[in-house]
Amino acid sequence: MTNDSLKPLHSLEGMPILRGDYLLSLLQAAVSFGAVSDSGLESIQVQLFTLLAEQTRRYTGGASSSVRTETAQHLMQSLCYTISVYLKGLNSHDAALQQLLNAQLPTLFDQGQIILKRRVSLAKHLLQMVQKNRILTPNLAYNDTISNGLPLFFRHYDLYYSAHESPGSVDYPLGYDRMDLTGVEAVFEYLSALRLENQFCQCFDSQLIHRLILCSNPSYAEDLQNICQFVLLNSLGRILCDKSPYSLWLNRTDLSLLRRLFSGKDAAETQNRLTAALKPLLGELHISSSAMEEHLTHCIANQADWVKYCCSNGMLQRVFLTNQ
Amino acid sequence: MFSEFPLSSLFQAEKQLAESALRCNETTRHYGLTLTPGQAQKLVQARTQALRDTNRVEFEGTILNRLILAFCDSPYLSPYQYAETLEQLVEIFYYFKNELPDKFTDDELLSSMRSSFDGDCCGSVELLAERDLEELAKAIRFGEEEPESSSNQWRDAWNTEAERMENDE
């Protein structure tokens, strides 16, 4: 392959290239914009199939000259995932495409494997942090995910032949989760977010959190319910009422104020109002992490439609929980 | 984008496989068996079709030669039916690769096929496919065949314990 295969006029920066299927998405974008020639594409295909042949030979230990098509597809998905992990790390679609066209695919695959091993190691470390800063709660999904589901991933994850798979059982829902990744990337991102949510919730009394959520959903222990969202909305509500966030509860007067604040606002304005209260909230809690602010901003965006709906239908007490 | 292997490469692969199968004539002619270029081509096509029929993929087309060489000295292969029998054996091979567990290696299957073909089947590919190999697949699926090592392990442990008890007395 040579640089002739890439026509430099067509930049892929800013193109909607999927995180979850990066290699294929990148090539499809490159082909549709004429950034790669037919011969360049065929060269990549041949290299991929050669790599697949070698990987299949390793997989069978050389004891089988053929495999089921599903097995070959599975191995191909794992290969593409591994190469994608390396290409995404370049943080530039153009640079990724250049690598794809000019470097040897086995080299990109080897580099991808190194990154995957590092990611697994970091994810294991994140799990330990999550287990240390876990919230005290009776919620089954939360406890089972941290105690069993996530450790199971690390016991069964096969980064050589099934890098794209996510064994184990991760049932507990986050306040915000793009859910467009698989394999160790998905678990790493999940653990990063869960650690932030735990850290946020640790600013409040665990019994208080428990009583707060019970008020909204008496059976929350058995439900697939995110804990952080309750804490986030009520603490934002208290900030909007010019109160300290720590005691979490709101009263009827607070609810009337919030009703006036959100009445007649569309979802975007509702989101803006809540987001505007986030910085003061984090200031009160002495949290300065930009990652935390970013994650909670996404959590707010996730709740904006629900807040607007409840306000429009006279049900704001289902969003901002009162102890009266 | 990756669902079809580039056709030009596929054609090249079939041509190379046919040439490789023809090179086996150097060995098989000692048993009075040879393939013509046309028969070799047909054999490769039968292999490709069998792979499609069984939904399998082969990246290194080595099983044809191994199959030819595994059966060439069978007393039940005649020059008149040689090519046709090989085509049938290829189909049977891929079919049973699917029926048997993945850990059942190519060598083990070829060995079982040859053993039955020359033995109880007396050269009948129908009996080979419909009786002997079917029984083998059933036996393995229902776990009637235990790996020898596991029964040896328990027997050895029992014997060791019995010996120890004898020495204690």
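A few points on the structure. Since the structure is predicted, the reported quantities are computational estimates derived from the model, not experimental observations. (Residues numbered from 1 in each chain as written. Chains lettered and ligands numbered in written order. Predicted model: local features only at pLDDT ≥ 70, side-chain atom pairs only at ≥ 80, totals over all residues. Heavy atoms only, no water.)

### Concerning the overall build of chain A
Within chain A, the secondary structure is distributed over 13 helices and one strand. Each helix and strand of chain A, placed in order from N terminus to C terminus, yields the pattern α-α-β-α-α-α-α-α-α-α-α-α-α-α. Overall, chain A is about 70 × 45 × 35 Å in size when its C-alpha atoms are taken along their principal axes. Scored against the burial criterion, the 324 residues of chain A give a buried share of 49%. (Helix = DSSP H or I, 4+ residues; strand = E, 2+ residues; numbered from the N terminus. Buried < 20%, exposed > 50% of the residue type's maximum accessible area, 1.4 Å probe, protein only.)

### Details of the interface of chain B and chain A
Counting residues at the interface gives 23 residues for chain B, matched by 23 residues for chain A. Interface area, chain B with chain A, both sides summed: about 2100 Å², of which 56% is carbon and sulfur. Counting across the interface, chain B meets chain A through one salt bridge. In this structure, A:Arg68 and B:Asp102 form a salt bridge, with 3.0 Å as the shortest nitrogen-oxygen distance. Every element with two or more residues in the side of chain B that touches chain A is listed here: helix 1 (7-23), strand 1 (56-58) and helix 5 (82-99) of chain B. Grouping the constituent residues of the side of chain B that touches chain A by class yields 10 nonpolar, six polar and seven charged. As defined by bridge partners, strand 1 (residues 66-68) of chain A adjoins strand 1 of chain B across three bridges and the pair is classed as antiparallel. Among the inter-strand pairings, A:Ser66 is bridged to a residue of strand 1 of chain B, identified as B:Glu58. (Contact = heavy atoms within 4.5 Å. Buried area = accessible area lost by both parts, 1.4 Å probe. Salt bridge = Lys/Arg side-chain N within 4 Å of Asp/Glu carboxyl O. Nonpolar A, V, L, I, M, F, W, Y, C, P; charged D, E, K, R; others polar. Pairing = 2+ DSSP bridges.)

Such coordinate-based values are descriptive only and should not be taken to indicate function.
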